[in-house]
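Residue-level listing of the chains:
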Amino acid sequence: MAKKHTSAMLTGWLSDKEHLSISAIERTAGIPAGLLAKAIKGTQELSEKHIGNLVEVLKKYGYK
């Protein structure tokens, strides 16, 4: 069974990776500018569409 990725899982993983450029990840994943930063701060949730795109990008940086 495939792992269900959530907004909280992704933003939690990203919050520990200060060396990664949030804006570059947003561009690569096709996420609107600022949305990922808001999700990390807890003021906005990521949609299923954005989660799917983000997972594919973050796998390149070691996300499992």
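So, how was this worked out
Residues numbered from 1 in each chain as written. Predicted model: local features only at pLDDT ≥ 70, side-chain atom pairs only at ≥ 80, totals over all residues. Heavy atoms only, no water. Helix = DSSP H or I, 4+ residues; strand = E, 2+ residues; numbered from the N terminus. Buried < 20%, exposed > 50% of the residue type's maximum accessible area, 1.4 Å probe, protein only. Contact = heavy atoms within 4.5 Å. Core = buried A, V, L, I, M, F, W, Y, C linked by side-chain atoms within 4.5 Å. Arc of directions from axis to C-beta. Salt bridge = Lys/Arg side-chain N within 4 Å of Asp/Glu carboxyl O.

Asker: What exactly am I supposed to notice about the side chain of His50 here?
Answerer: Within the secondary structure layout, His50 lies in helix H4 (residues 48–58). His50 gets classed as buried once you look at its relative accessible area, which sits at 14%. Ignoring anything within four residues of it in the chain, the contact list for His50 reads Gly30, Ile31, Pro32 and Leu35.

Asker: Explanation requested: the nonpolar core in the structure shown.
Answerer: It is characteristic of soluble globular proteins that their nonpolar side chains tend to be buried jointly. Core analysis: the largest hydrophobic core is formed by 17 residues, its most contacted members being Leu10, Leu14, Ile25, Leu46, Leu54 and Leu58. Only helix H1 (7–15), helix H2 (22–29), helix H3 (35–41) and H4 provide two or more residues apiece to this core. Per element, the largest residue contribution to this core is five residues, and it comes from H4.

Asker: Would you explain H2 in this entry?
Answerer: For an α-helix, 3.6 residues make a turn, and residues three or four places apart therefore share a direction. Of all the positions in H2, only Ile25, Glu26 and Ala29 are classed as buried. Angular distribution of buried residues about the axis of H2 spans 100°; they occupy a single face of the element. Along H2, the residues that are exposed and aim more than 90 degrees away from the buried face are Arg27 and Thr28. Looking at the packing, one finds that the buried side of H2 touches H1, H3 and H4.

Asker: Help me out: how do you make sense of the side chain of Ser7 in this one?
Answerer: Along the polypeptide, Ser7 turns up in helix H1. Overall, the relative accessible area of 5% leaves Ser7 in the buried class.

Asker: Quick question: what am I supposed to make of the pattern of salt bridges here?
Answerer: Side-chain pairing between opposite charges can occur once the charged atoms of the two side chains come close. Evaluation of the coordinates by the stated rule reveals two salt bridges. Here Lys4 ties to Glu48 by a salt bridge, and the two come within 3.2 Å at their closest N and O atoms. Of this pair, Lys4 sits in the segment before H1 while Glu48 sits in helix H4, and the two are 44 residues apart along the sequence. Residue Lys4 is classed as exposed on the basis of its relative accessible area, which comes to 54%. You can call Glu48 exposed: its relative accessible area is 54%. As a salt-bridge pair, Lys59 and Glu56 come within 3.6 Å of each other at their nearest N and O atoms.

Any functional reading would require information beyond the geometric quantities listed.
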